[in-house]
Amino acid sequence: MGRSRHGSFDLLFAIMAVQEVVFFAPVARRLMEEEGLRVAFLTFHEAGDDILDREGIPYFSLHKLKDEVVGRRVDLPSIEDVEKDLAIHTRRLVVHEMLTTNRRREEYLTFKVRLYYHIMDSIFKDNTIGCVVQELGGFIAPQLLYYVARKYGVNHVFIEPAMFPKRVVFTLNELYADFTGFSQGREVTENVRRLVEEYRAKKTVVIPKKDRHFFQDMNVKRLLAFDNFRRLARKLYHKYIIGRREEYNAILWYCTYQLIKFFRRKALTLYYSLPREGERYVYFPFHVPLDVQLTVRCPEFLNQEALVDYIARSIPMGYRLYVKEHPAAIGAHPVLKIRDLVRLGNVRLIHPSCNSFDLIKNAGCVITINSKVGFEAIMQGRPVIVLGKAFYRGKGVTIDIEDIRDLPQALKKALSQGYKVEEEKRLQFIQQAFEWSYKGELYENSVENLEAFYNSLRDFLLGSGAVTALKKVGP
């Protein structure tokens, strides 16, 4: 059906990569055929356009629309107008893309914001859209789409992995994923108790399939992994052979950055330590440095090395601060900054081979911004101090800080003998977190998973009222 011009759509899927089209196209097809929904896509990857053409699904191709706008020399809105219309701050909007692609020229970033805003604004003006669905992302394109939908009062759904295996979280009309109305007294199911026991037995974290290739030590094996060359070859083919444009197109910088992390990992060997038996410590797990959880959701903590320095100067005498790189970002931290932290005398950089489960288990307390490790610590019944915006904040199972200057007092409370979260209260929180999530995993294309994800998305859209055209099934 090709590119859409004017129309009315109940659902608009936004996709950044080809794997997203491959995953969402059959979901969209079922919604069209079984529910009678009018569905379209907004694509940020032209190779995805080819798939949608074959599937006969209507779409708006951002890059093709960009050519038309530039070709007609349309007067774009000023950056001041964009900020006013969307109630945003441009520097906050572009920081993720600027750092992950190493494209730091303000002129380029500002022009991109103005151009993409004009295109998206025109789509919403010229079409009736009921709801936008996309994976949570920090690039300019997905963020702008969220804010433009908000401007027009259009429902918007972010999707991201949940804290439990093969489950996802849907967030309606919010940038921050959270559930409200936590209450004690709910029944804790045997399924949730079993999940907690399995976590304790297996000592494993939830790693979505789409991210598993990142969770390896930064060594020669990872650097030269076949999957890396397969993805690189696909990107080079799309960009230089068939001329398909995409957002994830900073190929040279991405390859260079992998080499930088490899050599940093070698240099950091000088500073790695193993946990010392009997040593009292506080554990702070590094978050992925340029992850959307920091760049978009908690940008005030983007400089994690400075934060670690402050934590190290806040912990009580007699304690050490254990820090560990995120397993998906080994070698991502500057060597000299890590060296300066270790030289403080009470900081240990723990070797990547050490299991985070054991570090949590033996810690006096865990400090986190909004990491999954914070949730793991709750599952283990360890004291947790929360600095940033996280779904487990404010539920009565953590010590929450509003002002970083309150950290020394929070540490004193967390490390005291009398502090403990009641076991049943903790399990009730985990139960509600489980109920908040839905079956299904992003970009796992098995028949079983696609069925589960389709039903979950449909149930959420119906239950939340995000798409009113959905038919209710059953009594």
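This is a predicted model, so every value here is computed, not measured.

1. Some points on the overall build of the protein chain
Part 1: A tally of regular secondary structure across the protein chain gives 19 helices and 16 strands.
Part 2: The C-alpha radius of gyration of the protein chain comes to 23 Å, within 12% of the 23 Å expected for a compact globule of 475 residues.
Part 3: C-alpha atoms of the protein chain, sized along the principal axes, occupy 65 × 55 × 45 Å.
Part 4: For the protein chain, the proportion of its 475 residues judged to be buried stands at 53%.
Part 5: With an accessible surface of roughly 21700 Å², the protein chain has 53% of that area assigned to carbon and sulfur atoms.
Part 6: Here the protein chain holds 71 positive side-chain charges and 58 negative ones, and the gap between their average locations is 4 Å.

2. Considerations on the sheet that holds strand β12 (residues 347-350)
Part 1: Spatial ordering of the open sheet is given by β9-β12-β11-β10-β13-β14-β15, a layout of seven strands whose pairing is parallel. If you trace the sheet from one side to the other, it starts and ends with β9 (272-273) and β15 (399-400), each paired once.
Part 2: In this sheet, β15 lies alongside strand β14 (residues 384-386) in parallel orientation, the contact comprising two bridges. In the sheet register, Ile 385 faces β15, and the bridge partner there is Ile 399.

3. Some points on the nonpolar core
The nonpolar side chains of a soluble globular protein tend to be buried with one another.
Part 1: In this structure, Phe 284, Leu 321, Phe 375, Ile 385 and Phe 429 are the most contacted members of the largest nonpolar core, which totals 77 residues.
Part 2: Top element by residues in this core is helix α18 (residues 423-436). It accounts for six residues.
Part 3: Among the nonpolar cores identified, the runner-up in size contains 44 residues, and Leu 12, Ala 14, Ile 119 and Met 120 belong to it.

4. Comments concerning the packing of helix α5 (residues 90-101) against helix α6 (residues 106-126)
Part 1: One way to put it is that α5 packs onto α6 with a least axis distance of 11 Å and a crossing angle of 110°. It follows from the interaxial angle that α5 and α6 lie roughly perpendicular. Both α5 and α6 take part in a crossing whose hand is right-handed. Residues Thr 90, Arg 91, Leu 93, Val 94, Glu 97 and Met 98 of α5 lie in contact with α6, whose contacting residues are Glu 106, Tyr 108, Leu 109, Lys 112 and Val 113.

5. Focus: the sheet that holds strand β4 (residues 59-61)
Part 1: An order of β4-β3-β2-β6-β7-β8-β16 is seen for the seven strands of this open sheet, with the pairing classed as mixed. Two strands bound the open sheet, and with one partner strand each, they are β4 and β16 (438-439).
Part 2: Here two bridges tie strand β8 (residues 167-172) to β16, and the two strands are oriented antiparallel to one another. Note that in β16 the partner of Arg 167 across the bridge is Lys 439.
Part 3: Each of β3 (39-43) and β4 is contacted by helix α3 (residues 62-71), which is oriented at about 55° to β4, the strand it contacts most.
Part 4: Set on the sheet, helix α19 (residues 447-464) makes contact with β2 (11-15), β6 (131-135), β7 (155-161), β8 and β16; between it and β8 the angle comes to about 25°.

6. Points about the pairing of strand β10 (residues 281-285)
Part 1: With five of five residues buried, β10 is to be regarded as a mostly interior element.
Part 2: Burial along β10 is two-sided: the residues Tyr 281, Tyr 283 and Pro 285 and Val 282 and Phe 284 are all buried.
Part 3: Direction of pairing for β10 relative to strand β11 (residues 320-324): parallel, over a ladder of five bridges. In the strand pairing of β11, Val 282 is matched with Leu 321.
Part 4: Inspection of the sheet shows β10 paired to strand β13 (residues 365-368) by two bridges, in the parallel sense. Within β13, the residue paired with Val 282 across the bridge is Cys 365.

7. With respect to the packing of aromatic side chains
Part 1: This model, assessed by the stated rule, comprises 31 aromatic pairs.
Part 2: Measuring from centroid to centroid gives 5.6 Å for Phe 375 and Phe 391, while their planes differ by 45°, and the two rings are tilted. With Phe 375 in helix α16 (residues 372-380) and Phe 391 in the loop between β14 and β15, this residue pair connects regions lying 16 residues apart in the sequence. Residues Phe 375 and Phe 391 agree in their burial class; the two are buried.
Part 3: Through pairs of rings, three or more aromatic residues link up here, namely Phe 13, Phe 23, Phe 24, Phe 41, Phe 170, Tyr 438, Tyr 443, Phe 453 and Phe 460.
Part 4: The cationic tip of Arg 30 hangs over the ring face of Tyr 454; the distance from NZ or CZ to the ring centre is 3.8 Å.
Part 5: Above the plane of the ring of Phe 434 lies Arg 167, whose end atom (NZ or CZ) is 4.0 Å from the centre.

Basis of the calculations
Residues numbered from 1 in each chain as written. Predicted model: local features only at pLDDT ≥ 70, side-chain atom pairs only at ≥ 80, totals over all residues. Heavy atoms only, no water. Helix = DSSP H or I, 4+ residues; strand = E, 2+ residues; numbered from the N terminus. Rg over C-alpha atoms; globule rule 2.2 N^0.38 Å. Buried < 20%, exposed > 50% of the residue type's maximum accessible area, 1.4 Å probe, protein only. Areas by Shrake-Rupley, 256 points an atom, 1.4 Å probe, with all protein chains shown as cover. Lys, Arg positive; Asp, Glu negative; His and termini not counted. Charge placed at Lys NZ, Arg CZ, Asp CG, Glu CD. Pairing = 2+ DSSP bridges. Core = buried A, V, L, I, M, F, W, Y, C linked by side-chain atoms within 4.5 Å. Axes fitted to C-alpha atoms, helices over the stretch in contact; angles between N-to-C directions. Parallel < 35°, antiparallel > 145°, perpendicular 65-115°, else oblique. Left-handed = near helix turned anticlockwise from the far one by under 90°. Contact = heavy atoms within 4.5 Å. Phe/Tyr/Trp six-rings, centres within 6.5 Å; stacked < 30°, edge-to-face > 60°. Lys NZ or Arg CZ within 6 Å of the ring centre and 35° of its normal.

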